[in-house]
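# Close look at the chain arrangement
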Amino acid sequence: MQAYSKECSRSGLRVGCVPTMGFLHEGHTSLMHAARAKSDRVVTTLFVNPTQFGPNEDYEQYPRDFAKDSRLAEENGTDILFAPEAAEMYDGGNSTSVAVSGVTNKFEGSTRPTHFDGVSLVVSKLFNIVLPDVAVFGQKDYQQTLVIRRMVRDLNFPIEIFIAPTIRESDGLAKSSRNTYLTQPERAAAPRLHASLTKAAEAIRGGLADRAAINKIIADEMATEPLFRLDYGRAADALTLDEPDTFSPGSEIVLLAAAFIGKTRLIDNELIKL
Ligand code: AMP
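Residues numbered from 1 in each chain as written. Predicted model: local features only at pLDDT ≥ 70, side-chain atom pairs only at ≥ 80, totals over all residues. Heavy atoms only, no water.

## Observations regarding the sheet that holds strand S6 (residues 228–237)
On the basis of which strands lie adjacent, the open sheet formed by three strands has the order S6-S7-S8 and antiparallel pairing. For this open sheet the edge positions go to S6 and strand S8 (264–273), each flanked by a neighbour on one side alone. In this sheet, adjacent strand axes meet at a mean angle of 15° when their direction is disregarded. In terms of strand pairing, strand S7 (residues 252–261) meets S8 through ten bridges, oriented antiparallel. From the neighbouring strand, Leu 256 faces S8, where its bridge partner is Asn 269. Here helix H9 (residues 192–205) sits on the sheet in contact with S6, S7 and S8, set at roughly 20° to S8. Across the sheet, helix H10 (residues 211–223) is in contact with S6 and S7; its angle to S6 comes to roughly 155°. (Pairing = 2+ DSSP bridges. Helix = DSSP H or I, 4+ residues; strand = E, 2+ residues; numbered from the N terminus. Axes fitted to C-alpha atoms, helices over the stretch in contact; angles between N-to-C directions. Contact = heavy atoms within 4.5 Å.)

## So, unusual backbone geometry
In this structure, Phe 23 is a non-glycine residue whose phi angle is positive, near 50°. Tracing the sequence through the fold places Phe 23 in the loop between strand S1 (15–20) and helix H2 (26–38). A relative accessible area of 25% means that Phe 23 is categorised as partly exposed. In this structure, Asn 156 is a non-glycine residue whose phi angle is positive, near 55°. With respect to the helices and strands, Asn 156 occurs in the loop between helix H7 (142–154) and strand S5 (160–164). (Buried < 20%, exposed > 50% of the residue type's maximum accessible area, 1.4 Å probe, protein only.)

## Side note on the nonpolar core
With 39 residues, the main nonpolar core has Val 123, Phe 127, Ile 148, Ile 161 and Leu 241 as its most contacted residues. Every element with two or more residues in this core is listed here: S1, helix H6 (115–130), strand S4 (134–138), H7, S6 and S7. In terms of residue count, the dominant contributor to this core is H6 (eight residues). Discounting chain neighbours no more than four positions away, the residues touching Ile 161 are Phe 127, Ala 135, Phe 137, Ile 148, Arg 149 and Val 152. Ala 189, Ile 204, Phe 247 and Ala 257 belong to the second-largest nonpolar core, a separate cluster that totals 22 residues. (Core = buried A, V, L, I, M, F, W, Y, C linked by side-chain atoms within 4.5 Å.)

## A word on the sheet that holds strand S2 (residues 41–46)
Strand pairing in a sheet is mediated by backbone hydrogen bonds. Such pairs are either parallel or antiparallel. The five strands lie next to each other as S3-S2-S1-S4-S5, forming an open sheet whose pairing is parallel. Looking at the sheet topology across the chains shown, the edges are occupied by strand S3 (80–82) and S5. The sheet shows a mean angle of 25° between the axes of neighbouring strands, direction not considered. In terms of strand pairing, S1 meets S4 through two bridges, oriented parallel. Among the inter-strand pairings, Gly 16 is bridged to a residue of S4, identified as Val 134. Seen against the sheet, H7 touches S4 and S5 and runs at an angle of roughly 170° to S5.

## Concerning the pairing of S2
Here S2 lies mainly inside the structure; five of its six residues are buried. Pairing analysis gives six bridges linking S1 to S2, with the strands arranged parallel. In the strand pairing of S2, Thr 20 is matched with Leu 46. In this view, the connection linking S1 to its parallel neighbour S2 by way of H2 has right-handed handedness. Inspection of the sheet shows S2 paired to S3 by three bridges, in the parallel sense. Across the sheet, the residue bridging to Thr 44 is Leu 81, located in S3. On the question of chirality, the crossover connecting S2 to the parallel S3 by way of helix H3 (residues 66–75) is right-handed. (Right-handed = clockwise from strand over helix to strand, strands pointing away.)

Encoded structure:
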């Protein structure tokens, strides 16, 4: 993989990287197109990374379909699909950690305490293996984008990070490999997660700046769907994830939510610039 990228670099070709865990959908393929627009060669990585799953999470059950992924990757402009085995990536264990502090200590970091250490470790490894000029991530995993940006800055990775918008189903549900877990009634209820965020976003655009009142809109809207159990649904500063009592004019707000529906945990977010 490194030899390929070094050869690209010698030939003056820019390499774009799209890290994924596979079971590809239009969210992923949109990132491939974004990478293509910014580079000459697109490397999509497909790796269900064990270190970013907690002990009681869905690592074993995570959906996999290599044949379909290869086809979708190729059809959407991927030049190289880099799909290592876990034993290859973590040959003989791993003694080095990559831990980003600050932005990791709440939201996903509270419910999934080891998750971001796994993400920053595997993304560091993938960056050193793929040697990309640009890497593309989805806004769908908003907190992850802050973690990656912080890591790239702190560790001086010579890589441009580009964040692409969330691709949704027509009813607003963010596309996700995990949507495949949903039963039919759960799938029908699932758009409520995004609806609760858009409702709060509208109120913010209408002038609501009180954080507790914003959070209450999300909680109340989610409570109307009995299949959902809200993990968190809160407004925060989009850059720092700080939670001031009142948001000041000119600040960028992110609404972050995670909720369980049956055995499935879904996340979503909405960005609002005041
Ligand atoms: P995953 O395979 O879920 O780890 O996601 C791989 C990359 O695709 C991450 O950068 C995600 O943020 C991004 N992604 C996942 N779902 C979507 C979506 N619906 N829209 C845009 N990007 C997405």
